Amino acid sequence: IGYLLYKIMLLNKKSYKDIYKVMALYLYNPITLMVSGYHGKFDNLSIVFLVLYLYILLKSQKIDPFSHLLYGISILMEQITVFSIPYFFLKQKKIIKKLIFVIFISLPFLLSISFYIKDSLESIIKNVLLHHGSPNNWGYSRIIAYLTTVTPISYNPIFLKFIYTVIIIIMFLLMFIYFYRNKNIKYLDGIIIAYLFYYVFTPGFGIQSLIWILPFAALKTLEVKKDYFFYGYTILGSITALLFYYGEAYKNFFIRDVLGMSLVGEPLWVLTIIWLIWYLNVK
């Protein structure tokens, strides 16, 4: 990913000072180090193909149908890059191109399950297509979890699961509407906005999710003179991850849940809301 960021910045004829700055903002970001190093999550394998897809789009200045396969491989590795689908789908100007986009990004996944789909279709749908992060750890779902714990409000997990599913559907609909009405958004901005939609609306969350937006947000710092959102996100996200991992390692759930996911994690969620609102207003 660091090398691809380097190549993207060379396309934009950035100085080596800017290049090293952006690479350092991602590679030595505490979130990156903790998630990839300590946690050992392989989310970067998925992200690297999305960054490569972005690089090819920026280099060619047009959408090559075969480059969609890279995006498809990214989704195949782990479904953490699906949130950009509405943006890239609407970037295809003709119906035939939209169809080609859907086919090409689906091919890697369909080929990978073709040998198992006959006997394991239900398991594939449940564990892959319907997979989501842990609820009650982030944003409004965490607030609901507290309300149903410390107040007499009744707790119905089946009903909440239905509500959360509806919210995710609404999230994708809102993205479609926004990107449909704003078709001139640049590739980098489109990816960042898609991830911000996820952070704001998702009821399920894993601490590794914090790394998903980082390479793209780091690139954006070159365009924003004082990117308070990126640095604020890095500071709060790093503290959240540190408290979470420390508390998890020593089975101290007060540090992990109360301090990490609530005291710092909830302000971090609020920051993503403000960040998204800012983006929607300036585009």
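In case you missed it, the structure is sitting above this.
Residues numbered from 1 in each chain as written. Predicted model: local features only at pLDDT ≥ 70, side-chain atom pairs only at ≥ 80, totals over all residues. Heavy atoms only, no water.

> Would you explain the packing of aromatic side chains in this entry?
Remark: the centre distance and the inter-plane angle together describe each pair of aromatic rings, the angle taken between the planes. Tallying each qualifying case throughout the model produces 34 aromatic pairs. Ring geometry for Y199 versus Y233: centroids 5.9 Å apart, planes at 40 degrees, classification tilted. With Y199 in helix α11 (residues 187-201) and Y233 in helix α13 (residues 228-249), this pair connects stretches of sequence that are 34 residues apart. Exposure remark for Y199: the relative accessible area of 0% places this residue in the buried category. In this structure Y233 comes out as buried when scored by relative accessible area, which is 1%. Among the aromatic side chains, those forming a connected cluster through ring pairs are F83, F172, Y195, Y198, Y199, W212, F216, F229, Y233, W275, W278 and Y279. The ring centre of Y187 lies 5.6 Å from the NZ or CZ of K91, which sits over that ring. Residue placement shows K98 over the ring face of F89; its charged tip is 5.8 Å from the ring centre. (Phe/Tyr/Trp six-rings, centres within 6.5 Å; stacked < 30°, edge-to-face > 60°. Helix = DSSP H or I, 4+ residues; strand = E, 2+ residues; numbered from the N terminus. Buried < 20%, exposed > 50% of the residue type's maximum accessible area, 1.4 Å probe, protein only. Lys NZ or Arg CZ within 6 Å of the ring centre and 35° of its normal.)

> Before we go on, may I ask you to explain the pattern of salt bridges in this structure?
Oppositely charged side chains are able to pair whenever their charged atoms sit close together. Here the structure, examined in full by the defined rule, presents 5 salt bridges. Note that K220 and D189 form a salt bridge whose closest N and O atoms lie 2.8 Å from each other. On the criterion of sequence distance, the pair formed by K220 in helix α12 (residues 214-220) and D189 in helix α11 is long-range, its members being 31 residues apart. By relative accessible area, which is 7% here, K220 ends up buried. Across the salt bridge formed by E248 and R256, the nearest N and O atoms sit 2.5 Å from each other. A relative accessible area of 30% means that E248 is categorised as partly exposed. One continuous salt-bridge network, built from bridges that share partners, spans K186, D189, K220 and E223. (Salt bridge = Lys/Arg side-chain N within 4 Å of Asp/Glu carboxyl O.)

> What should I look at first to understand a positive patch on the surface in this one?
A cluster of like positive charges, contributed by K62, K93, K94 and K97, occupies part of the molecular surface. Residue position: K97 is located in helix α7 (residues 95-113). With relative accessibility at 44%, the residue K97 sits in the partly exposed group. (Patch = residues over 30% accessible without salt bridge, like charges linked within 9 Å, V, L, I, M, F, W, Y side chains within 5 Å. Areas by Shrake-Rupley, 256 points an atom, 1.4 Å probe, with all protein chains shown as cover. Lys, Arg positive; Asp, Glu negative; His and termini not counted. Charge placed at Lys NZ, Arg CZ, Asp CG, Glu CD.)

> In this structure, what is going on with the nonpolar core? I would like to understand it.
Soluble globular proteins tend to bury their nonpolar side chains together. Judged by nonpolar contacts, the single largest core of 75 residues is most densely connected at F88, Y195, Y199, W212, I213, F216 and Y233. With 12 residues, α11 is the largest single contributor of residues to this core. W212 has contacts with D43, I47, I80, F83, Y195, Y198 and Y199, leaving out every residue within four places of it along the chain. (Core = buried A, V, L, I, M, F, W, Y, C linked by side-chain atoms within 4.5 Å. Contact = heavy atoms within 4.5 Å.)

> Can you walk me through the packing of helix α4 (residues 43-60) against α11 in this structure?
A pair of packed helices is characterised by two quantities: the angle between their axes and the separation of those axes. Between α4 and α11, the shortest axis-to-axis distance is 10 Å and the interhelical angle comes to 150 degrees. Between α4 and α11, the crossing angle belongs to the class labelled roughly antiparallel. Contacts between α4 and α11 involve L50, L54, L57 and L58 from the former and Y187, L188, I191 and Y195 from the latter. (Axes fitted to C-alpha atoms, helices over the stretch in contact; angles between N-to-C directions. Parallel < 35°, antiparallel > 145°, perpendicular 65-115°, else oblique.)

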